[in-house]
Amino acid sequence: MAGGWSRDGAVQDQIDDTVSDAVRGARARMPAGEGLEHCEDCGETIPARRREALPGARTCIACQALRDKTVVHSQINRRGSKDSQLR
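Residues numbered from 1 in each chain as written. Predicted model: local features only at pLDDT ≥ 70, side-chain atom pairs only at ≥ 80, totals over all residues. Heavy atoms only, no water.

Draft legend 1. Fine view of the environment of T70. Here T70 shows up in the loop between α3 (61-69) and α4 (82-86). In this structure T70 comes out as exposed when scored by relative accessible area, which is 56%. A polar atom in the side chain of T70 sits 3.1 Å from the backbone oxygen of R67. (Helix = DSSP H or I, 4+ residues; strand = E, 2+ residues; numbered from the N terminus. Buried < 20%, exposed > 50% of the residue type's maximum accessible area, 1.4 Å probe, protein only. Polar contact = N/O pair within 3.5 Å; in protein donor to acceptor, adjacent residues only side chain to side chain.)

Draft legend 2. Looking closely at a nonpolar patch on the surface. Judged by side-chain polarity, I15, V19 and V23 come together as a nonpolar surface patch covering roughly 220 Å² of accessible area. Here V23 shows up in helix α1 (residues 10-29). Of the residues examined, V23 reaches a relative accessible area of 37% and is grouped as partly exposed. (Patch = residues over 30% accessible without salt bridge, like charges linked within 9 Å, V, L, I, M, F, W, Y side chains within 5 Å. Areas by Shrake-Rupley, 256 points an atom, 1.4 Å probe, with all protein chains shown as cover. Salt bridge = Lys/Arg side-chain N within 4 Å of Asp/Glu carboxyl O.)

Following this line, the structure appears as structure tokens:
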């Protein structure tokens, strides 16, 4: 259901695009290529089990946990607000 000047299905299209963008972003952040034996942040040895489970791992678990805590998301919605697009 859509209202105003938007066509039917416009809201679902925007939801689908948002999910697709999130999936693409997550895939882009996944490690790829040759992994390292030593953490690029602290220099500690990356356990073999981690390297096997996550090909392309470049950090130890502790350093990766710190990186995950400091992820910064943009406060700008590049698609605009739903309200402004659906009016």
